[in-house]
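One-letter residues, chain by chain:
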Amino acid sequence: MKNRFVRPVVHVALKLAYAGWKFYAAIFRPVTLGVRALVLNDQGHVLLIRHTYAPGWFMPGGGVGRDETLEAATARELYEEAGIRAVGDMNLVGAYANFLQLKSDHVIVYEVPEWEEVGDAPHADFEIAEAGFFPPDALPEGTTPGTRQRLDEYFSNRRPTTYW
């Protein structure tokens with residue numbers, strides 16, 4: 001008799017605890033997915049951007065939208081931030097996890113070997129402070145550590161690390 005009563009109560013308690021954990025995780029520990037574009041010009045210089053809202057220089061990129069592929073998000077962010085249109089296939093450079101600041105952020109980096117400038121970046125006025133191509137051995141001061149690490153791995157043909 002006791003077992004018939006306890007078992008359903010435990011199941012309900014576990015379901016409630018699981019629902020509570022999912023709610024907590026959704027609000028306080030969301031998993032995010034972002035992309036970055038590695039773009040080189042004819043001189044082998046790398047494209048970097050500086051945002052108006054965050055310190056440092058980064059490869060162009062941002063969040064992946066709902067119902068958007070990783071490559072589509074990379075192409076969209078590259079256009080929005082730098083006025084560059086990806087042409088042809090992209091090459092996967094690596095996938096990285098960033099668990100700093102109690103977040104669960106995942107970043108996918110694509111090399112964009114073929115591209116063309118198509119005009120002013122739509123978000124250049126309010127989101128992008130500067131954009132430019134820089135020699136890999138002379139990156140601007142303030143280039144973020146994650147960006148430096150990705151570029152160092154890329155240019156030295158080293159296997160990418162797991163963490164951003």
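Here's a quick rundown of the structure. On a predicted model such as this, the values are computed, not experimentally measured, just so you know. (Residues numbered from 1 in each chain as written. Predicted model: local features only at pLDDT ≥ 70, side-chain atom pairs only at ≥ 80, totals over all residues. Heavy atoms only, no water.)

### Regarding the overall build of the chain
Rule in force here: By the criteria applied, helices consist of DSSP H or I runs no shorter than four residues and strands consist of E runs no shorter than two, each listed in order from the N terminus. In this scheme, a residue with accessible area under 20% of its type's maximum is buried, one over 50% is exposed, and one in between is partly exposed, where area comes from a 1.4 Å probe on protein chains only. By the convention used here, residues are in contact when the closest approach between their heavy atoms is within 4.5 Å. For accessible areas, the Shrake-Rupley method is used with a probe of radius 1.4 Å. Any residue's cover is judged against the shown protein chains and nothing else.
Each helix and strand in the chain was counted, giving 3 helices and 9 strands. Reading the secondary structure of the chain in the N-to-C direction produces α-β-β-β-β-α-β-β-β-β-β-α. By the burial criterion, 34% of the 164 residues in the chain qualify as buried. Put simply, of all contacts in the chain between residues at least 6 apart along the chain, 67% involve residues at least 24 apart. Counting every atom, the chain has about 10,500 Å² of accessible surface; 57% of that belongs to carbon and sulfur.

### A few points about helix α3 (residues 145-155)
Formally: It is the directions from the helix axis to the C-beta atoms that the arc portrays.
Of the positions making up α3, those classed as buried are G146, T147, R150, L151 and E153. Projected onto a plane normal to the axis of α3, the buried residues spread over an arc of 160° and lie on a single side. Buried residues belonging to α3 abut β1 (31-38), β2 (46-51), β3 (57-58), β6 (91-98) and β7 (104-111).

### Quick look at the sheet that holds strand β9 (residues 128-134)
Two orientations exist for strands paired in a sheet by backbone hydrogen bonds: parallel and antiparallel. For the record, the criterion: By this definition, two strands are paired if DSSP reports at least two bridges between them.
Read across the open sheet, the 3 strands follow the order β3-β2-β9; overall the sheet is antiparallel. With one partner strand each, in any of the chains shown, β3 and β9 form the two edges of the open sheet. Pairing of β2 with β3 involves 2 bridges; the strand directions are antiparallel. Along β3, the bridge assignment pairs I49 with F58.

### Observations regarding the sheet that holds β7
To keep it simple, the criterion reads: Note on method: axes are straight lines fitted to C-alpha atoms, helices fitted across the in-contact stretch only, with angles between N-to-C directions ranging 0 to 180 degrees.
Sheet architecture is open: 4 strands sit in the order β4-β1-β7-β6, paired in mixed fashion. Only two strands of the sheet have a single neighbouring strand rather than two, namely β4 (61-63) and β6. Pairs of neighbouring strands in the sheet enclose a mean axial angle of 20°, with direction left out of account. The sheet contact formed by β6 and β7 spans 7 bridges and is antiparallel. In the strand pairing of β7, A97 is matched with H106. Strands β1, β4 and β7 of the sheet are contacted by helix α2 (residues 70-82), whose axis makes an angle of about 60° with β1.

Purely spatial values, then, with no claim about function.
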